[in-house]
Amino acid sequence: MASGGDLALTILGFLNERPMHGYELKSRLAALTGHLRPVSDGALYPAIARLEAKGLVERHEEAGAAAARRQVLTITEPGREELLRRLREPADLDISDQTRFFALLTFLSALPDPADQVKVLSRRLAFLEAPASFFYEGGEPVRARDEPDPYRRGMLLIARASSRAEKEWLRQRIAELNVPQ
């Protein structure tokens, strides 16, 4: 993970689903983002310790499958409140960075109010709709059709297709959430 911010969010998010031991939590984190940003023990366990010190996570022992006992992590009520706050009020980087946004999206269903979900999704949509590029010429974004380098043009075309698909999904989900229940 890029920073403690998104690692804390994902730890709280997974523990909000159910208590789990450190190895299971690490496996869930690796499945979510490990191929992009692997989580080392040197990052995970200090992050858990910081969450424990803040009273957001508790640790207790349970009997293991064999004779060894294992440490099980549980989110506390203040931890759940912190998770909901982070989901409701994500940092700008959580909206603009795709990996961090996907981590946020993984747990967005935990927000009970659809209006809060819409606000987060609308922020991401507004970010994606702003003109942007990997490359700029004279302060203006370079368009794929104007890029002579085939690899840079490929980057721009792939990013545009991905952005188009994400914007379509965001608009659809926002419309679904805005339908009176």
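Structure's up top.
Read on for a plain summary of the structure. Predicted, not measured: the structure shown is a model, and the values here were computed from it.

For the rest of this paragraph, the subject is the packing of helix α6 (residues 98-107) against helix α7 (residues 114-129). Between α6 and α7, whose axes approach to 12 Å, the crossing angle comes to 160°. Classified by the angle between their axes, α6 and α7 sit roughly antiparallel to one another. Regarding α6 and α7, the two cross each other, and that crossing is left-handed. From α6, Q98, F101, L104 and L105 reach across to α7, where they touch V120, L121 and R124. Its residues placed into classes, the contact of α6 with α7 shows 5 nonpolar, 1 polar and 1 charged.

Another aspect to go through is the sheet that holds strand β1 (residues 20-21). Pairing is antiparallel across the open sheet formed by 3 strands, whose spatial order is β1-β3-β2. Whereas interior strands pair on both sides, the edge strands pair on one side only; in this sheet they are β1 and β2 (57-63). Of the pairings in the sheet, the one linking β1 to strand β3 (residues 69-75) comprises 2 bridges and is antiparallel in character. Of the residues in β3, the one forming a bridge with H21 is V72.

Right, let's talk about the environment of R80 for a bit. By the element assignment, R80 lies in helix α4 (residues 77-88). Beyond its immediate stretch of four places on either side in the chain, R80 contacts N16 and I75.

Looking now at the layout of surface pockets. When its volume is computed, the largest pocket comes out at roughly 870 Å³. What lines the largest pocket is a set of 25 residues, among which A132, S133, A159, R160 and S163 lie closest to the centre. At the level of secondary structure, the elements contributing two or more residues to the lining of the largest pocket comprise α7 and α8 (150-177). In terms of residues, the lining of the largest pocket owes the most to one element, α8, which gives 9 residues. Here the lining of the largest pocket is composed, by residue class, of 12 nonpolar, 5 polar and 8 charged.

Among the structural elements, E82 can be located in helix α4. Beyond its immediate stretch of four places on either side in the chain, E82 contacts L12 and L56.

If you check α4, its first and last C-alpha atoms are 16 Å apart, about what 12 residues at 1.5 Å a residue would give, namely 16 Å. Along α4, the positions that sit buried rather than exposed are G79, E82, L83, L84 and L87.

Scoring rules and cut-offs
- Residues numbered from 1 in each chain as written.
- Predicted model: local features only at pLDDT ≥ 70, side-chain atom pairs only at ≥ 80, totals over all residues.
- Heavy atoms only, no water.
- Axes fitted to C-alpha atoms, helices over the stretch in contact; angles between N-to-C directions.
- Helix = DSSP H or I, 4+ residues; strand = E, 2+ residues; numbered from the N terminus.
- Parallel < 35°, antiparallel > 145°, perpendicular 65-115°, else oblique.
- Left-handed = near helix turned anticlockwise from the far one by under 90°.
- Contact = heavy atoms within 4.5 Å.
- Nonpolar A, V, L, I, M, F, W, Y, C, P; charged D, E, K, R; others polar.
- Pairing = 2+ DSSP bridges.
- 1 Å grid on protein atoms, 1.4 Å probe; cavity = no way out; pocket = protein on both sides within 12 Å on 5 of 7 lines; lining within 4 Å.
- Points joined across faces, edges and corners; volume = space filled by probe spheres on them.
- Expected span 1.5 Å × (residues − 1).
- Buried < 20%, exposed > 50% of the residue type's maximum accessible area, 1.4 Å probe, protein only.

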